[in-house]
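Structural features, examined
These are the residues of each chain, in order.
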Amino acid sequence: MTSPAPKLPVSLAANPKLSSWVRFTDDDRVAISPGKVEIGQGIITALAQIAADELDVDIGRIEMVRASTAISPNEGVTSGSLSIQQSGRALRHVCADVRQRFLCAASERLGVDMSQLNVDDGMILGPGNVRTSYWELSGEVSLDHDAAADVAAKGADKRNVAGHSVQRVDIPDKVFARPRFIHDLALPGLAHGRVLRPDISGAKLTALDEKAARAVPGLVAVVRDGGFAGVVADTEAAADAALKALRKGATWTAGEPLPDQDDLAGFLKSQPVETTVIDTRTVGPARKPAQTLRRQYTRPYIAHASIAPSCAVARWDGDRIHVWTHSQGVYLLRTDLAIVLKLPAENIVVEHMEGAGCYGHNAADDVALDAVLLAKSAGGRPVRVQWSRHDEMSHAPFGAAMAIEIEADLGADNEIVGWRHAIWSNGHAARPGRAAQPALLAATEITNPYPRMISTNPPAANGGGGDRNSVPLYDFPAWTITSHRRLTMPVRTSALRTLGAQGNVFAIESLLDEIAALRGEDPIAFRLRHLRDERAKDVIRAAARRAAWKPQKRPGIGRLRPLQELRRLLRRDRRDRGRRGYPREAADACSRCRRSHQSGRRHQSDRGRRDPGDELGAEGACPLRPDPHHLDLLDGLSDPDVQRGAGGGRRDHPAAGDRTGRRRRSCSRPGDGGNRKCSLRLSRRARTRPADHARQDHCSHGACVLTTLNILSGGAAQGLVRGLAEAFKAQTGFGIDGEFGAVGIMADKLRAGTPADLVILTQALLAKLAEEKLVAPSSLTDVGRVETALAVRSRDPKLTVKTEADLREVLRGADAIYVPDTKASTAGQHVAKVLDQLGIAYEVASRLKIFPNGATAMRELAASTAARPIGCTQATEIIATDGLTLSGSLPPGYALVTMYTAGVTVRAAHPKEAAALIALLTGADRRDLRQRMGFTG
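Below you will find a few notes about this structure. (Residues numbered from 1 in each chain as written. Predicted model: local features only at pLDDT ≥ 70, side-chain atom pairs only at ≥ 80, totals over all residues. Heavy atoms only, no water.)

It is worth spelling out empty space enclosed by the protein at this point. Counted by the stated rule, this structure contains 11 cavities of 30 Å³ or more. Taken as a whole, the largest cavity spans an internal volume of roughly 180 Å³. Along the wall of the largest cavity there are 14 residues; nearest its centre are Thr276, Ile278, Asn457, Asp467 and Ala845. Secondary-structure elements contributing two or more residues to the lining of the largest cavity are strand S12 (273–282), strand S20 (478–486) and strand S29 (848–851). For the lining of the largest cavity, the element with the highest residue contribution is S12, accounting for three residues. (1 Å grid on protein atoms, 1.4 Å probe; cavity = no way out; pocket = protein on both sides within 12 Å on 5 of 7 lines; lining within 4 Å. Points joined across faces, edges and corners; volume = space filled by probe spheres on them. Helix = DSSP H or I, 4+ residues; strand = E, 2+ residues; numbered from the N terminus.)

Inspection of the secondary structure assignment puts Ser327 in the loop between strand S15 (320–325) and helix H9 (330–341). Side chain to side chain, Ser327 and Asp365 meet in a polar contact 2.6 Å long. Ser327 has contacts with Val37, Leu333, His352, Ala364 and Asp365, leaving out every residue within four places of it along the chain. (Polar contact = N/O pair within 3.5 Å; in protein donor to acceptor, adjacent residues only side chain to side chain. Contact = heavy atoms within 4.5 Å.)

This next bit is on a nonpolar patch on the surface. Residues Ile171, Val175 and Phe176 make up a contiguous nonpolar surface patch of roughly 300 Å² in combined accessible area. For Ile171, the position within the fold is in helix H5 (residues 171–175). With a relative accessible area of 34%, Ile171 lands in the partly exposed category. (Patch = residues over 30% accessible without salt bridge, like charges linked within 9 Å, V, L, I, M, F, W, Y side chains within 5 Å. Areas by Shrake-Rupley, 256 points an atom, 1.4 Å probe, with all protein chains shown as cover. Salt bridge = Lys/Arg side-chain N within 4 Å of Asp/Glu carboxyl O. Buried < 20%, exposed > 50% of the residue type's maximum accessible area, 1.4 Å probe, protein only.)

Once that is clear, we can look at the packing of H9 against helix H10 (residues 364–375). Between H9 and H10, whose axes approach to 11 Å, the crossing angle comes to 40°. Accordingly, the angle class assigned to the pair H9 and H10 is oblique. H9 and H10 meet at a crossing whose hand is right-handed. Between H9 and H10, the residues in contact are Leu333, Leu337, Val340 and Leu341 and Asp365, Ala368, Leu369, Val372 and Leu373, respectively. A breakdown of the residues in the contact of H9 with H10 according to their chemical character gives eight nonpolar, no polar and one charged. (Axes fitted to C-alpha atoms, helices over the stretch in contact; angles between N-to-C directions. Parallel < 35°, antiparallel > 145°, perpendicular 65-115°, else oblique. Left-handed = near helix turned anticlockwise from the far one by under 90°. Nonpolar A, V, L, I, M, F, W, Y, C, P; charged D, E, K, R; others polar.)

One open sheet holds the seven strands; their spatial order is S9-S10-S7-S17-S14-S15-S16, and the pairing between them is mixed. Lying at the two open borders of the sheet, with one neighbouring strand each, are strand S9 (219–225) and strand S16 (348–352). Between one strand axis and the next, the sheet turns by 20° as a mean value, whatever way the strands run. Where S15 lies against S16, five bridges are found, and the strand directions are parallel. Across the sheet, His322 pairs through a bridge with Val349, a residue of S16. The strands touched by H9 are strand S14 (311–317), S15 and S16; relative to S16, the strand with the most contacts, the crossing angle is about 145°. Along the sheet face, H10 touches strand S7 (191–196), S9, strand S10 (228–233), S14, S15 and strand S17 (383–386) and points at about 35° away from the line of S14. (Pairing = 2+ DSSP bridges.)

Turning to its location among the elements, Ser825 is positioned in the loop between strand S28 (816–820) and helix H24 (826–838). Here the side chain of Ser825 touches Asp821 through a polar contact of 2.6 Å, landing on its backbone oxygen. With sequence-adjacent residues up to four places away left out, Ser825 is seen in contact with Ala742, Val743 and Pro820.

Applying the stated criterion across every chain yields a total of nine aromatic pairs. Judged by centre distance (5.2 Å) and plane angle (85°), the ring pair of Phe102 and Tyr134 falls under edge-to-face. Within this pair, whereas Phe102 is found in helix H3 (residues 83–110), its partner Tyr134 is found in helix H4 (residues 134–137), the two being separated by 32 residues in sequence. A relative accessible area of 1% means that Phe102 is categorised as buried. Ring geometry for Tyr134 versus Trp135: centroids 6.1 Å apart, planes at 70°, classification edge-to-face. Here the aromatic residues Phe24, Phe102, Tyr134 and Trp135 are joined through ring pairs into a cluster of three or more. Sitting above the plane of the Trp424 ring, Lys269 keeps its charged end 4.7 Å from the centroid. (Phe/Tyr/Trp six-rings, centres within 6.5 Å; stacked < 30°, edge-to-face > 60°. Lys NZ or Arg CZ within 6 Å of the ring centre and 35° of its normal.)

What follows deals with the nonpolar core. In terms of nonpolar packing, the biggest core is built from 44 residues, with Leu337 and Leu341 touching the most fellow members. Those elements giving two or more residues to this core turn out to be S7, S10, S14, S15, H9, S16, H10 and S17. Counting residues per element, this core draws most heavily on H10, which supplies eight residues. Those residues in contact with Leu337 that lie beyond four places of it in its chain are Val323, Ile348, Val350, Leu369, Val372 and Leu440. (Core = buried A, V, L, I, M, F, W, Y, C linked by side-chain atoms within 4.5 Å.)

In terms of burial, S10 is largely enclosed, as six of its six residues are buried. The alternating pattern of S10 places Phe228, Gly230 and Val232 and Ala229, Val231 and Ala233 on opposite faces, both of which are buried. Strand direction decides the pairing type here: S7 and S10, joined by five bridges, are antiparallel. Counted as the bridge partner of Val195 is Gly230 from S10.

By the burial criterion, the buried members of helix H22 (residues 763–771) are Leu765, Leu766, Leu769 and Ala770. When H22 is viewed along its axis, its buried side chains cluster within an angular range of 145° and face the same direction. In H22, those exposed residues whose orientation departs by more than 90 degrees from the buried face are Ala764 and Glu771. Buried residues belonging to H22 abut helix H21 (743–751), strand S26 (758–762) and strand S32 (897–904). The first or second residue beyond H22 is Lys773, which carries a positive phi of 60°. (Arc of directions from axis to C-beta.)

Structure follows, in structure tokens:
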């Protein structure tokens, strides 16, 4: 298998010209020009470190050039904590490429092999004291070339600057009060502007008496364009006086009523909404709830309230405009300015200057358009416009208000058996440059106004909006997450730090605290018990340590055994549970209880107690098993951290096991003599058939004949496997059972210990699972390739998609786009990537219908009542869905063909039968079936 061709980092692929990133100046410095901007997060210092490392120059030689549409690469918007990931990766690659080109030129000039050259602070040195420098060679080495994809940057161990603390590039100017902020910009002939806006959101200007304002000394102009009005003056004082006079002569409509802050939830639910099911999950048979907890949480509209108000400077020169701004996206702002002014984008230069930190979409873009509209009347003079505090709190975008309702179904033991999370909120994104209409405030006020943009939510692939972090990280057995996006806006809303995550996380964690308290369980242990992600567990443990958290004392618990012994017991328990042949009951019991269950006898240490089988219950919970809650807590502690209480002797924690020292009765383990049969002595409750037993062809009185092959598979193979089920049963006597879904989720299930004999996932994922020793490498067999394609309902006309433009038009024209999980499924990840490549991710975000897997998404498409719905997933899932038609492949450059591979798991209960099914799936005599089901190759 050949390695894939190297690819450029995303930002560099969009801006491949080296000269747009790096330039060597005449004063022996290096000019670095990224497309990301400084908004207080220190990004220009971090990027300078990266450039210094790759070019081998002192960081003092690095000159960071402010982002400008005239010279800088277009890296979109600076947001989402992505600057290092996007700009940093691109810049590192660029500088490595530039270094390589200069070393090649130095080799030719000095007559020395490149391998013998090194760079020290920009000086290129070779044997015999031969030398040159970047600056000497800059006239010979052209950087007007696209970056090469095969360049290798330095390894982390060879970096001397990145990863180390250096002085921030931007701090000295700020400390010593040197002009650096947009507010301090003093251009020759600078005039000052102020904009007249109503006190109430939505009020319209109906009449304006300008006489008093025109009498103010120092006035340059009164500007009126429909409902937009403002003044330009020689000084700030004159501008303020003129605005005050102008306000007295203004007449406004009544404006829009604002929501009742005391009933935000009622207000949000009373308006038209667009409803999207964000995620659904069902694992195993549903349990009937004993009770349901319902809670509602609200978040108000939140202002940015930056420490400094928004500000911009603009200057007209004929039909050309130069704008200085603290916008987070200079190219996106330019796009909206061009729409409003009806000018070519090339006639507008937007240059970044630092302003107050924002971490979200504040009024920086709005004030830029204000400055442009006022500067048109200033006779070529630059005009500086600064909003007032009142403007900021009344007219800048707010973080959207949210109403969140969660229902938690609890079983008789107060365990969570179901979860429903619903969100009502305006959209959380209305940045400029992402739609056919402008998102700027003044664009809604001019003579031919544009409608106010209704805020949308970013797609789930980009983190989501109001739904961000609403899908629980916790491992609940079932959930439904729904988002209701409001389609009316009493006030403007857009991105505030974390978007909807703040509200969703607060709501989820608050309810979990209540449920833990209801159970009488330590809230830290409760969370750890419901987490599978080890990184998330580490976060919980770290927070507990820093808070000096101590679980509440429990009766009957004395001192704990040393931590090392507890961990040894846990490892042994996990090892035993991994052995083949254990039914779920035995796997879930502690090791000494296993022997009791098999032999039907009690241990010597258990005499006088109830039979462990009586305690087991339908859920397989054993009171003698090492307590996973405490073991999870102890994983993050060292031995001295273990609290020892008064007491001891026979009052050890149950996790410590049997401490009597008596010799235990030896017996063989279930499954040692073959894994086709096993018998357990169980209590009456324990004989209730659990989920995995329910799948067996024969199970009675605790004796199970295992005649079902368990499978975990990507949804792409579902139709093919089902098509072979009868043939497989005739050949082996085995039925087929299992789960089909997003490949990432199926892989995680295998990692979490879900029983499976066979997995069918993508080739790359199977190779990784083999490396993790979860799948037998020798069993890996390719099933076939599957393309990601478009689907329409059978009654709808087929789509013709041959080019990028066709694809963009089709996606824009659809009123609903049905896709699988954009994080865990191969096809869903590709759809998110395609939308991003096409530049329409935000435009179509509100129409994206995301489901846990492709099969579910296609069933929903088939049942859709939308006028023009389409779907995009793997062809096999489209073909297997009644009511759908495969409508064609994606065009060149956007196509995705995925190889699916089958493999036998290392813990397979039936490896021979699993191998037999693989032979059926991949046999030459099944070629026609594979092709009918959508597999090729």
